[in-house]
Structures are given as C-alpha cells and as structure tokens.
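Residue-level listing of the chains:
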Amino acid sequence: GAHQGNCFQEKIDSFHRNLERVGFCPPVLTVPTLESQGVPGWLSGKRLNFIVTGLQDIDKCRQQLHDITVPLEVFEYIDQGRNPQLYTKECLERALARNEQVKGKIDTMKKFKSLLIQELSKVFPEDMAKYRSIRGEDHPPS
C-alpha cells in the first residue's frame, strides 16, 4: 500500500544520502520510477549484489567494532572533505609541540633548582649540608 511505498521511499532516500556521503551519487530513485521503469541499469546485476554484499559485510563487522571510539573531530574532518588521517597527523604535531614546551619548563625548573641550592648553600651552609646528606648528595653543586 501507500504506507509501504512511503517507508520504502524513506529507506531509499536514507541509503542514497549515505552513498552521497561516501562520494557515490546515483540518480534520484523514487517508488513511481521503480514501478514504471523497473530497476535502473546502474543498480542491477553485479553492482546491486556488490552493494548488498558490502552492506552485509559492514553489518558483520559491526559486532567486532563495538568498543572502538572515534573522536568527534575526525567526523568534522570528514564532513569538511578533509582526509581523516590529517587529524592524526595534526594531533601528533600538537603533542610534539606540547612535549617541547613541557621539556623546556622542566629544564628551566632544573636550572632554577640548581641555582637556588647554590645560593642557599652560600647563605645557609650547615642547613644545606644536612639537606644534601638527606638527599644523598655528597658535594654542593657548582
């Protein structure tokens, strides 16, 4: 009936949108077109079997992928027509840059600690000698 036709049309439209998202743009299918002209040539035979088999394979794989999470930013890259591998590359570049910043801060703090101990050793030599013995350091830093 009409309800089944509408439901079928909705499914065709949804599938069509999904194919467009991955770059496959067939002509618009409608129930009246299918009823009057039959299945179009591009959708018949091997191509139809290929699409059905591909969808079945995806459905079978779905169970194996239930615990994988994909950052939402990856989908934004895809929606913008960008290669999702660029997301990984840019994440690594940001992590490397951040790593360099943190390394610089650690180096600065080590230098500060060394200078602080040096200056404190001049002002409080006995206390700093105790500090170094507790820390297992034999001699004051130069």
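Look up: the structure comes first, before these words.
Keep in mind that what you see is a predicted model, and the values were worked out from it rather than measured.

Q: Help me understand the packing of helix H5 (residues 84–123) against helix H6 (residues 125–135) in this model?
A: Any two packed helices are characterised by the angle at which their axes cross and by the distance between the axes. For the pair H5 and H6, the least separation of the axes is 6 Å and the interaxial angle reads 135°. If you check the angle between H5 and H6, you find them oblique. Across the interface between the two elements, Lys113, Ile117, Leu120, Ser121, Lys122 and Val123 of H5 pack against Pro125, Met128, Tyr131, Arg132 and Arg135 of H6. A per-class count over the contact of H5 with H6 returns 6 nonpolar, 1 polar and 4 charged.

Q: Just checking my understanding: could you explain the packing of helix H4 (residues 72–79) against H5 for this structure?
A: Put simply, H4 and H5 touch, their axes get as near as 8 Å, and they point 130° apart. Accordingly, the angle class assigned to the pair H4 and H5 is oblique. Seen along the crossing, H4 lies across H5 with a hand that is right-handed. Facing H4, whose interface residues are Glu73, Val74, Tyr77 and Ile78, H5 presents Pro84, Leu86, Tyr87 and Glu90. By residue class, the composition of the contact of H4 with H5 is 6 nonpolar, no polar and 2 charged.

Criteria and cut-off values
- Residues numbered from 1 in each chain as written.
- Predicted model: local features only at pLDDT ≥ 70, side-chain atom pairs only at ≥ 80, totals over all residues.
- Heavy atoms only, no water.
- Axes fitted to C-alpha atoms, helices over the stretch in contact; angles between N-to-C directions.
- Helix = DSSP H or I, 4+ residues; strand = E, 2+ residues; numbered from the N terminus.
- Parallel < 35°, antiparallel > 145°, perpendicular 65-115°, else oblique.
- Contact = heavy atoms within 4.5 Å.
- Nonpolar A, V, L, I, M, F, W, Y, C, P; charged D, E, K, R; others polar.
- Left-handed = near helix turned anticlockwise from the far one by under 90°.

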